[in-house]
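Here are the chains, one letter per residue:
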Amino acid sequence: MKYYFFFLISCFFAFTANTQIDNKNKSTSIPAVKSKKDSLDAKVLLPSKPIENNTINGMSVPKANTTLNFPKKEFSMFGEKFGNPGELYDDRLNKKTRDLKIEMGLGAKGSTTDQYFGDFKTKSKFVRVIYRDFGLQDGDYIRVLVNDEILEFRVLLTNSSKGFKLDLKEGFNKIDFLALNEGYSMPNTAEFHVIDDQGNVIAGNQWNLSTGVKATIIVVKE
């Protein structure tokens, strides 16, 4: 009886084992599904174009210009606009000249009207008239006339005094100094003194004249 029961149990386990093996061998495979198009043919994804919105709160907004054109500006070390270096030099020279005139108490231009410095009486037989450029020696020229007659046709004014002796006649002796130019630092500038035969200064003054303008003094012999 025991042997019979043992035989049945052995047969049951053998049957169960064969059933599991058959199940493993008879597994169902799922076929792969081919895609309609190869992945290489798929469209390349591009970033979407931003939506252009040219209005803000109902107001139109100008489109941005991606190609900005800035005006070309010539380089200058001095921050000034000149056509060539010569103009820059002339401008600086003129500025220095104007500053010098201000320092000397002169204007940019001299007097454009004739200057009369008065009349002076003396009993001297003669006088000495001396003159010089009291400012910058810049090539000022004058013409000297006595009683409307030319005494010195063309005289260069320097910082050193120069002059002439004038024998006086009875009455009026008019002396004119005519500015022939204004040098390179205008105007025509000078100072003069009139000295009698005793060495006394009886008259003196300064002039700042434009070209063609004259300064006049009258010495009256008593």
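Below is a short write-up of the structure. All of these numbers come straight from a predicted model, not from anything done at the bench. (Residues numbered from 1 in each chain as written. Predicted model: local features only at pLDDT ≥ 70, side-chain atom pairs only at ≥ 80, totals over all residues. Heavy atoms only, no water.)

## Considerations on the overall build of the protein chain
Working step 1: Secondary structure summary: the protein chain contains 2 helices and 11 strands in total.
Working step 2: Listed N to C, the secondary structure of the protein chain is α-β-β-α-β-β-β-β-β-β-β-β-β in terms of helices and strands.
Working step 3: Restricting the contact set of the protein chain to residue pairs at least 6 apart, pairs at least 24 apart contribute 74%.
Working step 4: About 17,500 Å² of surface is accessible on the protein chain, with carbon and sulfur atoms providing 57% of the total. (Helix = DSSP H or I, 4+ residues; strand = E, 2+ residues; numbered from the N terminus. Contact = heavy atoms within 4.5 Å. Areas by Shrake-Rupley, 256 points an atom, 1.4 Å probe, with all protein chains shown as cover.)

## Remarks on the nonpolar core
Working step 1: Judged by nonpolar contacts, the single largest core of 25 residues is most densely connected at Y131, F177 and W207.
Working step 2: When residues of this core are traced back to their parent elements, those giving at least two are β4 (126-132), β5 (141-146), β7 (162-167), β8 (171-179), β9 (188-196), β10 (201-209) and β11 (214-221).
Working step 3: If we skip the residues at most four places from it in the chain, F177 touches V129, Y131, I142, R143, V144, F192, W207, L209, V213, K214, A215 and I217. (Core = buried A, V, L, I, M, F, W, Y, C linked by side-chain atoms within 4.5 Å. Buried < 20%, exposed > 50% of the residue type's maximum accessible area, 1.4 Å probe, protein only.)

## Looking at the sheet that holds β7
Working step 1: One open sheet holds the 4 strands; their spatial order is β7-β4-β9-β10, and the pairing between them is antiparallel. With partners counted over all chains shown, the strands left at the sheet margins are β7 and β10, one partner each. The mean angle between the axes of side-by-side strands here comes to 15°, regardless of whether they run parallel or antiparallel.
Working step 2: Inspection of the sheet shows β4 paired to β9 by 6 bridges, in the antiparallel sense. By the bridge assignment for β9, I130 is matched with H193. (Pairing = 2+ DSSP bridges. Axes fitted to C-alpha atoms, helices over the stretch in contact; angles between N-to-C directions.)

## Details of the sheet that holds β8
Working step 1: Taking strand neighbours across the sheet as the criterion, the 5 strands line up as β3-β11-β8-β5-β6 in an open arrangement whose pairing is mixed. Pairing within the sheet leaves two strands with one partner each, and these edge strands are β3 (115-122) and β6 (149-156). Sheet twist, expressed as the mean angle between neighbouring strand axes with direction ignored, is 15°.
Working step 2: Where β8 meets β11, 8 bridges bridge the pair, whose relative direction is antiparallel.

## Quick word on unusual backbone geometry
Working step 1: Cis rather than trans, the peptide bond between M186 and P187 has omega equal to 5°.
Working step 2: With respect to the element layout, P187 can be found in the loop between β8 and β9.
Working step 3: Here N147, not a glycine, exhibits a phi torsion of approximately 50°, which is positive.
Working step 4: In this structure, N147 sits in the loop between β5 and β6.
Working step 5: For N147, a relative accessible area of 29% corresponds to the partly exposed category.
Working step 6: Here the phi dihedral of D148 falls at roughly 65°; this positive angle occurs in a residue that is not glycine.
Working step 7: Tracing the sequence through the fold places D148 in the loop between β5 and β6.

## Structural notes on the pattern of salt bridges
Working step 1: As enumerated under the stated definition, the model contains 4 salt bridges in all.
Working step 2: Here K174 ties to D148 by a salt bridge, and the two come within 2.8 Å at their closest N and O atoms. Highlighted residues: K174 in strand β8 and D148 in the loop between β5 and β6, separated in sequence by 26 residues.
Working step 3: Relative accessible area serves as the criterion here: at 23%, K174 is assigned to the partly exposed category.
Working step 4: Looking at D148, the relative accessible area reads 52%, which means it is exposed.
Working step 5: A salt bridge links K221 to E170; its shortest N-O distance comes to 3.9 Å. With K221 in strand β11 and E170 in the loop between β7 and β8, this residue pair connects regions lying 51 residues apart in the sequence.
Working step 6: Among the residues examined, E170 registers a relative accessible area of 57% and is labelled exposed.
Working step 7: A single network of salt bridges, built from pairs that share partners, joins D148, K174 and D176. (Salt bridge = Lys/Arg side-chain N within 4 Å of Asp/Glu carboxyl O.)

Purely spatial values, then, with no claim about function.
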